[in-house]
Amino acid sequence: MPDWIIDVLFWIAVAFLLAVYVSWRATRLDRLHVRVETARAALDAALVRRAAAALELAASRLLDPATSLVLATAAHEARTADAEHREFAESDLSRALRAVVDQPGFVDALTGRADGDGKAVLEELSSSAAKVAYARRFYNDAVSQARIARRKLLIRALRLAGRAPLPGFFEIDDDPPGI
C-alpha cells in the first residue's frame, strides 16, 4: 500500500475523531441548556406556589387586616412582576413572609387554633418556601455549569452555542420564615 494512502487514511481518521468530539461537546452544551430551561420552569412553579401559599395565608382571616394587606400586596407583586423586576419582588415577598411569621408567638397562635386551619396554611407555606430555596439552588447550579461549558475555547471558536442567550443567575433573598 502506498504511503500517501496511509497518510490520507490517517487524516480521515483524525477528522472523524475530531468531528465526533465536536459533536459530543455540542450535544453536551445542548443538554446543559435544556437543563437550565427545565430548572427555570421548576423555579417558576415553586415561586408561584409560594406566592399562592402567601395569598392563602393573607386571605385566611387568621391575620390582622394590616398584616394581611402587606402580605397580599407582596405576593401579588411577586406574581405579576415582569422579568426585570421579578427578583426584587420575590425578595420582597421573602422579607414580608419573615416579618409576618417570625413575630413572637405568631406560629403558636396559629397552630393552637381549634379548627386546625392555621397549621395547614403554615405547613403549606413552609413547604413552598423550602422548595423555592431548593429550586433556586438547582437552577443556579445549572446556569453555572452552562456558563462554564460556554467559556471553553472550542465552544466559542466554533460558535456551538449558536445564538442562545447566556443564561443568568436568579439571585433572591430566599431565606424561609422560621416556621
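The residue numbers shown here count from 1 along each chain, following its written sequence. Predicted model: local features are reported for residues with pLDDT of at least 70 only, side-chain atom pairs are reported and counted for 80 or more only, and whole-chain, interface and lining totals are derived from all residues. Only hydrogens and water are set aside when side-chain values are computed; all heavy atoms of the structure are taken into account.

Once that is clear, we can look at the overall build of the chain. In this text, helices come from DSSP runs of H or I with a minimum length of four residues, and strands from runs of E with a minimum of two, each type numbered from the N-terminal end. When helices and strands are tallied, the chain shows six helices and zero strands. By the compact-globule yardstick of 16 Å for 179 residues, the chain is too spread out, its C-alpha radius of gyration being 25 Å. Seen through its principal axes, the chain has C-alpha atoms that stretch 95 × 30 × 20 Å. Throughout this description, buried means an accessible area under 20% of the type-specific maximum (1.4 Å probe, protein chains only), exposed means over 50%, and partly exposed covers the range between. Each of the 179 residues in the chain was classed as buried or not, and the buried ones make up 35%. A contact between two residues is defined here by any heavy atoms of the two lying within 4.5 Å. For the chain, the proportion of contacts with a sequence separation of at least 24, taken over those separated by at least 6, is 76%. Only the protein chains shown count as cover for residues, and all accessible areas are computed by the Shrake-Rupley method using a 1.4 Å probe. As displayed, the chain offers around 10,800 Å² of accessible surface, 60% of which is attributable to carbon and sulfur atoms. Throughout, the radius of gyration refers to the C-alpha atoms, and the reference size of a globule is 2.2 Å times the residue count to the power 0.38.

Another point: the environment of Asn-140. With respect to the secondary-structure elements, Asn-140 resides in helix H5 (residues 117–150). With 28 residues separating them along the chain, Asn-140 and Gly-168 place their C-alpha atoms 8.2 Å apart. The contact partners of Asn-140, leaving out residues within four places of it in the chain, are Phe-169, Phe-170 and Glu-171. A polar side-chain atom of Asn-140 sits 2.9 Å from the main-chain amide nitrogen of Phe-170. Side-chain atoms alone can form a polar contact between residues adjacent in sequence; in general such a contact is a pair of N or O atoms within 3.5 Å, and within protein one must be able to donate a hydrogen while the other accepts it.

As for its placement among the helices and strands, Ser-94 is situated in helix H3 (residues 86–101). For Ser-94, a relative accessible area of 1% puts it in the buried group. Polar contacts involving the side chain of Ser-94 include one to the main-chain carbonyl oxygen of Asp-173, which spans 2.5 Å. The contact partners of Ser-94, leaving out residues within four places of it in the chain, are Arg-50, Asp-173, Asp-174 and Asp-175.

Bringing the confidence of the model for the chain into the picture now. Where the model shows low pLDDT, its predicted coordinates should not be examined in detail. Predictor confidence is given residue by residue as pLDDT, running from a minimum of 0 to a maximum of 100. Across the chain, pLDDT averages 89, with 96% of residues at or above 70. The secondary-structure element of the chain with the lowest mean pLDDT is helix H4 (residues 106–111), recorded at 74, while helix H1 (residues 3–59) shows the highest, at 93.

Let us now look at the packing of aromatic side chains. Ring pairs are drawn from Phe, Tyr and Trp, using the six-membered ring of Trp, whenever the two centres fall within 6.5 Å, and their geometry is named by plane angle: stacked under 30 degrees, edge-to-face over 60, tilted for the rest. Taken as a whole and judged by the stated rule, the model has two aromatic pairs. An angle of 75° between the planes, with centres 5.1 Å apart, marks the rings of Phe-10 and Trp-11 as edge-to-face. For Trp-11, a relative accessible area of 56% corresponds to the exposed category. Aromatic side chains Tyr-21 and Trp-24 sit 5.9 Å apart centroid to centroid with 35° between the ring planes, which places their arrangement in the tilted category. Taken together, the residues Tyr-21 and Trp-24, both in helix H1 and three residues apart, mark about one turn of the helix. Take Tyr-21: its relative accessible area is 41%, and that puts it in the partly exposed class. Residue classification places Trp-24 among the partly exposed positions, given a relative accessible area of 43%. Criterion for a charge above a ring: Lys NZ or Arg CZ within 6 Å of the ring centre, and within 35 degrees of the ring normal. The side chain of Arg-40 reaches across the aromatic face of Tyr-139, ending 5.4 Å from its centre.

Here we take up unusual backbone geometry. For Arg-159, which is not a glycine, the phi torsion comes out positive at approximately 50°. On the accessibility criterion, Arg-159 (58% relative accessible area) is exposed.

Among the buried residues, those of types Ala, Val, Leu, Ile, Met, Phe, Trp, Tyr and Cys that are joined through side-chain atoms within 4.5 Å form a nonpolar core. Grouped together as the largest cluster of nonpolar side chains are 22 residues, with contacts concentrated most on Leu-57, Leu-71, Leu-93 and Phe-106. Broken down by element, the residue count for this core peaks at six residues, all from H3. Within the second largest apolar cluster, 18 residues are counted, among which are Ala-39, Val-132, Ala-142 and Val-143.

Axis definition: a line fitted to C-alpha atoms, over the contacting stretch in the case of helices. Angles run 0 to 180 degrees between N-to-C directions. Direction vectors running N to C along helix H2 (residues 65–80) and H3 enclose 155°, while the axes themselves pass 8 Å from each other. With respect to H3, the axis of H2 lies roughly antiparallel. As H2 runs across H3, the sense of the crossing is left-handed. Together, Thr-67, Leu-71, Ala-74, Ala-75, Glu-77 and Ala-78 of H2 and Arg-86, Ala-89, Glu-90, Asp-92, Leu-93, Ala-96, Leu-97 and Val-100 of H3 make up the contact between the two elements. Just so you know the grouping, Ala, Val, Leu, Ile, Met, Phe, Trp, Tyr, Cys and Pro go in nonpolar, Asp, Glu, Lys and Arg go in charged, and all remaining residues, Gly too, go in polar. Taken together, the residues of the contact of H2 with H3 break down into nine nonpolar, one polar and four charged. Working rule for angles: under 35 degrees goes down as roughly parallel, over 145 as roughly antiparallel, 65 to 115 as roughly perpendicular, anything else as oblique. Crossing handedness: left-handed means the near helix sits turned counterclockwise from the far one by under a right angle, and right-handed means the same turn made clockwise.

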